[in-house]
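Take a look at the letters that make up each chain.
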Amino acid sequence: GGRAFGEMAGVPRAGLYAGILPLIAYAVFGSSRQLIIGPDASMAALVAVSVAPLAGGDAGRLAIMASLLAVFIGLICILGSLLRLGFMADFLAKPVIVGFMHGLALVIAVGQLPKVLGVQGGGETTVAQFLAVCRHVAGTQVITLGIGASCVAIILSCRRWCPRIPGQIVALIGAILAVSVLKLDQLGVAVVGNIPRGLPRFQIPILSVQDFQSLLPLAFAATLLAFSDTMVTSRGFASRNHYRIDANQEMLALGLGNIAGGLTQGLPVSSSGSRTAATESAGSRTQVTSIVAAGMVAAVMLFLTGLLYSLPSAALGGILIAAA
């Protein structure tokens, strides 16, 4: 999932890096016993739509700007927590949030269609991207489409009938095995390829004053989105399992998680409703789950990146469409 959201944002490794220290920070400081934070569709889309144009096509610059955005979000959250602004969660307009998320779902799905269909994409706006896909739809690669569609079907089926089974993991493993055993990459199926091994290093993202001025307003909007999403999700699971959430503590934990991610070259983070639901259905009731998950991501980055070489891009696209 982290790799997929990183791909969406244009900084693939940043999605993986954001799944390590932020989880530990939230586990220590958060008030929810179950909430899982990490890179998600809304933060990845925000980076892709609003930050990527500021980077001017420079991947290195985009990575730094995404990290700086995470640090800004973290600082705003911590300031809000110190000022006891958690009460704002009581005034979040649900129709606005729901409308935003529906619009975001369309942006995500359309953006992933070229990967799932195996065709050329293009266009600056969502409408332009959809029209570009329509122009090239005759060139759809059947095998690529089969992989993407199968991943969507597996994830949605697990979510509907077998919530204890992590559909994303099943889809990823199945896609990797299919490509490796059947040599589908030799038939034109695009794969992720080499992923650099190793843990993220500590780095303070430094940019120009103009970049700071461009990112700061975006950071306030992203903070509102991340905090509202976190409160809606954490309160929902707390209500189901009969415990209380401290809004100011949640704001602090979210802030520390974003700073931890931003200083280790990660994407901005928010709550992950799908991962929280999956861990709850598997029996998780404490934040030990987050710490174990962070350790597993670190282990993959250190020792198992070679296993991801054959991961088809269509599978990542399918995961994001299912998330949308």
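Cut-off values and rules
- Residues numbered from 1 in each chain as written.
- Predicted model: local features only at pLDDT ≥ 70, side-chain atom pairs only at ≥ 80, totals over all residues.
- Heavy atoms only, no water.
- Axes fitted to C-alpha atoms, helices over the stretch in contact; angles between N-to-C directions.
- Helix = DSSP H or I, 4+ residues; strand = E, 2+ residues; numbered from the N terminus.
- Parallel < 35°, antiparallel > 145°, perpendicular 65-115°, else oblique.
- Contact = heavy atoms within 4.5 Å.
- Nonpolar A, V, L, I, M, F, W, Y, C, P; charged D, E, K, R; others polar.
- Phe/Tyr/Trp six-rings, centres within 6.5 Å; stacked < 30°, edge-to-face > 60°.
- Buried < 20%, exposed > 50% of the residue type's maximum accessible area, 1.4 Å probe, protein only.
- Left-handed = near helix turned anticlockwise from the far one by under 90°.
- Expected span 1.5 Å × (residues − 1).
- Patch = residues over 30% accessible without salt bridge, like charges linked within 9 Å, V, L, I, M, F, W, Y side chains within 5 Å.
- Areas by Shrake-Rupley, 256 points an atom, 1.4 Å probe, with all protein chains shown as cover.
- Salt bridge = Lys/Arg side-chain N within 4 Å of Asp/Glu carboxyl O.
- Disulfide = S-S within 2.5 Å.

Draft legend 1. How the structure looks around the packing of helix 4 (residues 41-55) against helix 10 (residues 209-241). Viewed as axis vectors pointing N to C, helix 4 and helix 10 meet at an angle of 175 degrees, and their least axial separation amounts to 11 Å. Here helix 10 runs roughly antiparallel to helix 4, going by the angle between their axes. Of the residues in helix 10, those touching helix 4 at Ser42, Met43, Leu46, Ser50, Val51 and Leu54 are Ser214, Leu215, Leu218, Ala222, Leu225, Ala226 and Asp229. The residue makeup of the contact of helix 4 with helix 10, split by class, is nine nonpolar, three polar and one charged.

Draft legend 2. Expanded view of the packing of aromatic side chains. One pass over the full model with this rule turns up one aromatic pair. Between the aromatic rings of Phe72 and Phe212, the centroid separation amounts to 5.4 Å while the plane-to-plane angle is 70 degrees, which identifies the pairing as edge-to-face. Residue Phe72 is located in helix 5 (residues 59-82), and its partner Phe212 is located in helix 10; the two are separated by 140 residues in the primary sequence. Since its relative accessible area comes to 10%, Phe72 is described here as buried.

Draft legend 3. Focus on the packing of helix 3 (residues 21-29) against helix 11 (residues 247-262). Remark: helix 3 packs on helix 11, axes separated minimally by 8 Å, with the N-to-C direction vectors making an angle of 155 degrees. What the angle tells us is that helix 3 and helix 11 run roughly antiparallel. Note that helix 3 runs across helix 11; the crossing there is right-handed. Counted together, Leu21, Pro22, Ala25, Tyr26 and Phe29 of helix 3 and Gln249, Glu250, Ala253, Leu256, Gly257, Ala260 and Gly261 of helix 11 form the full contact between these two elements. Grouping the amino acids of the contact of helix 3 with helix 11 by side-chain chemistry returns eight nonpolar, three polar and one charged.

Draft legend 4. Here's a closer look at the environment of Phe29. Within the secondary structure layout, Phe29 lies in helix 3. Along the sequence, Phe29 and Gly255 sit 226 residues apart, while their C-alpha atoms lie 10.0 Å from each other. Setting aside residues no more than four positions away along its own chain, Phe29 makes contact with Gln249, Ala253 and Leu256.

Draft legend 5. Region of the structure containing the environment of Ser313. When you line up the elements, Ser313 lands in helix 14 (residues 313-323). For Ser313, a relative accessible area of 18% corresponds to the buried category. Between the C-alpha atoms of Ser313 and Val116, which are 197 residues apart in sequence, the distance is 7.6 Å. Setting aside anything within four residues of it in sequence, one finds Ser313 in contact with Lys115, Ala190, Val191 and Val192.

Draft legend 6. Summary view of helix 13 (residues 288-303). Between the first and last C-alpha of helix 13 there are 22 Å, a value that for 16 residues agrees with the 22 Å anticipated at 1.5 Å per step. The inward-facing, buried residues of helix 13 abut helix 2 (12-17) and helix 3.

Draft legend 7. How the structure looks around a nonpolar patch on the surface. Together, Leu21, Ile24, Val28, Phe29 and Ile291 line one region of the surface with nonpolar side chains, adding up to about 410 Å² of accessible area. Counting residues per element, the nonpolar patch draws most heavily on helix 3, which supplies four residues. We classify Phe29 as partly exposed; its relative accessible area is 36%.

Draft legend 8. Representation of the state of the cysteines in the model. With the rule as written, the count across this model stands at zero disulfides. For Cys151, which is in no disulfide, the shortest distance to another cysteine sulfur is to Cys158 and amounts to 11 Å. Owing to a relative accessible area of 3%, Cys151 belongs among the buried residues under this scheme.

Draft legend 9. Summary view of the side chain of Gln34. Structurally, the position occupied by Gln34 is in the loop between helix 3 and strand 1 (37-38). Taking the relative accessible area as the measure of exposure, Gln34 reaches 2% and is therefore buried. Excluding residues that lie within four positions of it along the chain, Gln34 makes contacts with Phe237, Asn241, Tyr243, Thr276, Thr279, Glu280, Ser284, Arg285 and Gln287.

Geometric descriptors of this kind do not, in isolation, establish any biological role.
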